[in-house]
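# Breakdown of the fold
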Amino acid sequence: MKKIAILGASYLQKPLVEKAIEMGLETHCFAWDNTEAICKSIAHFFYPISVLEKDEILNKCMEIHIDAITTIGTDICIPTIAFVAEKMNLISNTYNSSILATNTEKMRNAFEIHNVNSPKSKAVSYFEENTFINFNFPLIVKPTDRSGSRGVEKVENETELKAAIERAKAESIEKRVVVEEFITGIEVSVESISWNGEHHILAITDKVTSEDPYFVELEHHQPSSLPNEIQNKIKKETLKALNALDIKFGASHTELKINSKGEAYLIEVGARMGGDFIGSTLVNLSTGFDYLKAVIEMALGNYYFQKSKDHQYAGVYFLSKNTEYLLNTFNLEADYIVEKQILNNELKNIQNSNDRSGYIIYKSDKKINFKKN
């Protein structure tokens, strides 16, 4: 039986662990041992080791003699995966690529070198007057090395900027922050998979986010409703970005903004499957492509790509105080509802992805709109 190491043990990794078991693999899961580590009871083996402990995980993986290592939906694991894979001669992107894909400052530098269209930005460790005198407000402030909208905030002036930099810095592991010009427009993501530098775009996801100042994602829908001309621009910039970051293997999740002129701006790239059920669930529902299986097969060194068989609409709505109108929908029984769950009865005004209290996933022959009463 082949052995696969999976980094992370939260609900994000649950579909990956279950798919690996379904494929007959022995699963070895690494994560902090806390209440969120639900995969502890699912995986064959669980190790209470932080995903940041590269050397400790490497030693354990060598002891186990794993055949593959991977994750989905989270950036923090990516450098450790690349580190272990390089040391054990397993399939992965390079460690240098993993740093480019998980550090916004280094990512933006790579975009500039390779002429990828992205917002004007600057990385700082603290606020200093006149640093952003040549920037046009509003600005977006974010940690250089976190995901899930942690520490992300829109600001309108220098007074707000100082506080936002401190807030984002507190969320950052390396205590650095990227400040960038805010692009007004439509937000999308691109879900893709690569093998030896050959990229396949699987889906473009339309997004709905909360309002100023945090912009947390509230809805995802596939396929995109944007005109083909705009989608082609999105695909072009995505391929440039993947090459700029030297992403050659596995899943990737690319986020872009489209302004009123139809120009596509690269916001960031994750060298992993998109979270929020985008990769683990929606791609399969809307295209018929088994994205989870492909990620696992590639980690094992097996090329896996099949053209889409299905062309359906799929999406997810997230419950929070911002979307309290969804509560009535949880009582709805309809064939197009694939899965629904209330995770927490407390509804919060959303500031990051962790503030969401539930979700509803659908699949249909048309986009499903759950409207406010």
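Residues numbered from 1 in each chain as written. Predicted model: local features only at pLDDT ≥ 70, side-chain atom pairs only at ≥ 80, totals over all residues. Heavy atoms only, no water.

### Considering the environment of Ser 260
Within the fold, Ser 260 resides in the loop between β12 (250-258) and β13 (264-270). Using a relative accessible area of 80% as the deciding quantity, one classes Ser 260 as exposed. On a C-alpha basis, the gap between Ser 260 and Thr 184 in space is 7.7 Å, while along the polypeptide they are 76 residues apart. (Helix = DSSP H or I, 4+ residues; strand = E, 2+ residues; numbered from the N terminus. Buried < 20%, exposed > 50% of the residue type's maximum accessible area, 1.4 Å probe, protein only.)

### Points about the sheet that holds β12
Strand order in this open sheet of 8 strands is β13-β12-β9-β10-β11-β14-β16-β15, and the pairing throughout is antiparallel. The open sheet is flanked by β13 and β15 (337-342), the only strands paired with a single partner. Averaged over neighbouring strand pairs, the angle between their axes works out to 20 degrees when direction is ignored. Here β15 runs beside strand β16 (residues 358-364); their pairing, made up of 5 bridges, is antiparallel. Each bridged residue has a counterpart across the sheet, and for Gln 341 the counterpart in β16 is Tyr 359. Helix α8 (residues 278-287) rests against β9 (186-195), β10 (198-209), β11 (217-222), β12, β14 (313-319), β15 and β16 of the sheet, and its axis sits at about 30 degrees to β11. (Pairing = 2+ DSSP bridges. Axes fitted to C-alpha atoms, helices over the stretch in contact; angles between N-to-C directions. Contact = heavy atoms within 4.5 Å.)

### Things to note about the pattern of salt bridges
Tallying each qualifying case throughout the model produces 18 salt bridges. For Lys 154, the salt bridge goes to Glu 156, with nearest N and O atoms at 3.8 Å. Owing to a relative accessible area of 13%, Lys 154 belongs among the buried residues under this scheme. Residue Glu 156 is classed as partly exposed on the basis of its relative accessible area of 41%. One salt bridge connects Lys 240 with Glu 237, and the closest N-O pair in it is separated by 3.4 Å. (Salt bridge = Lys/Arg side-chain N within 4 Å of Asp/Glu carboxyl O.)

### Concerning the side chain of Asn 103
Summarising the element assignment, Asn 103 is placed in the loop between α4 (95-100) and α5 (104-113). There is a polar contact of 2.9 Å between the side chain of Asn 103 and the side chain of Glu 174. Once you skip the residues sitting within four places of it in the chain, Asn 103 turns out to touch Thr 144 and Glu 174. (Polar contact = N/O pair within 3.5 Å; in protein donor to acceptor, adjacent residues only side chain to side chain.)

### Thoughts on the packing of helix α2 (residues 54-64) against helix α3 (residues 78-88)
Following both chains from N to C, one finds α2 and α3 inclined at 45 degrees, their axes separated by 10 Å at the closest point. Classed by the angle they form, the pair α2 and α3 counts as oblique. When the axes of α2 and α3 are compared, the crossing they make is right-handed. Touching Lys 54, Asp 55, Ile 57, Leu 58, Cys 61 and Met 62 of α2 are Pro 79, Thr 80, Phe 83, Val 84, Lys 87 and Met 88, all from α3. (Parallel < 35°, antiparallel > 145°, perpendicular 65-115°, else oblique. Left-handed = near helix turned anticlockwise from the far one by under 90°.)

### Description of the packing of aromatic side chains
In this structure the tally under the stated criterion is 15 aromatic pairs. On the numbers, 6.3 Å between centres and 45 degrees between planes, the contact of Tyr 11 with Phe 277 is tilted. Linking Tyr 11 in the loop between β1 (3-7) and α1 (14-22) with Phe 277 in the loop between β13 and α8, this pair joins segments that are 266 residues apart in sequence. Tyr 11 gets classed as partly exposed once you look at its relative accessible area, which sits at 40%. Among the residues examined, Phe 277 registers a relative accessible area of 12% and is labelled buried. One aromatic cluster is present, formed by Tyr 11, Phe 277, Phe 318 and Tyr 359 through successive ring pairs. The cationic tip of Lys 154 hangs over the ring face of Phe 182; the distance from NZ or CZ to the ring centre is 4.4 Å. If you follow Arg 356 out to its NZ or CZ, it ends over the ring of Phe 318, 3.8 Å from the centre. (Phe/Tyr/Trp six-rings, centres within 6.5 Å; stacked < 30°, edge-to-face > 60°. Lys NZ or Arg CZ within 6 Å of the ring centre and 35° of its normal.)

### Things to note about the environment of Glu 263
Mapped onto the fold, Glu 263 is located in the loop between β12 and β13. Along the sequence, Glu 263 and Ile 234 sit 29 residues apart, while their C-alpha atoms lie 8.6 Å from each other. Once residues within four sequence positions are removed from consideration, Glu 263 is found in contact with Lys 257 and Ile 258.

### Let's talk about the pairing of strand β2 (residues 26-30)
In terms of burial, β2 is largely enclosed, as 5 of its 5 residues are buried. Neither face of β2 is exposed, since Glu 26, His 28 and Phe 30 on one face and Thr 27 and Cys 29 on the opposite face are all buried. Here β1 runs beside β2; their pairing, made up of 5 bridges, is parallel. What sits directly across from Lys 3, in β2, is Glu 26. Crossover connection from β1 via α1 to parallel β2: handedness right-handed. (Right-handed = clockwise from strand over helix to strand, strands pointing away.)

### With respect to the packing of α1 against helix α9 (residues 291-299)
Running from N to C, α1 and α9 point in directions that differ by 70 degrees, and their axes come no closer than 10 Å. In terms of axis orientation, α1 runs roughly perpendicular to α9. The handedness of the crossing between α1 and α9 comes out as right-handed. Where α1 abuts α9, its residues Pro 15, Leu 16, Lys 19 and Ala 20 lie against Leu 292, Lys 293 and Ile 296.

### Some words on the nonpolar core
With 32 residues, the main nonpolar core has Ile 4, Ala 9, Ile 193, Met 273, Phe 289, Tyr 291 and Ile 296 as its most contacted residues. Within the residue set of this core, elements represented by two or more residues are β1, α1, β9 and α9. With 7 residues, the top contributor of residues to this core is α9. Membership of the second largest hydrophobic core comes to 24 residues, among which are Ala 110, Val 190, Ala 244 and Leu 256. (Core = buried A, V, L, I, M, F, W, Y, C linked by side-chain atoms within 4.5 Å.)

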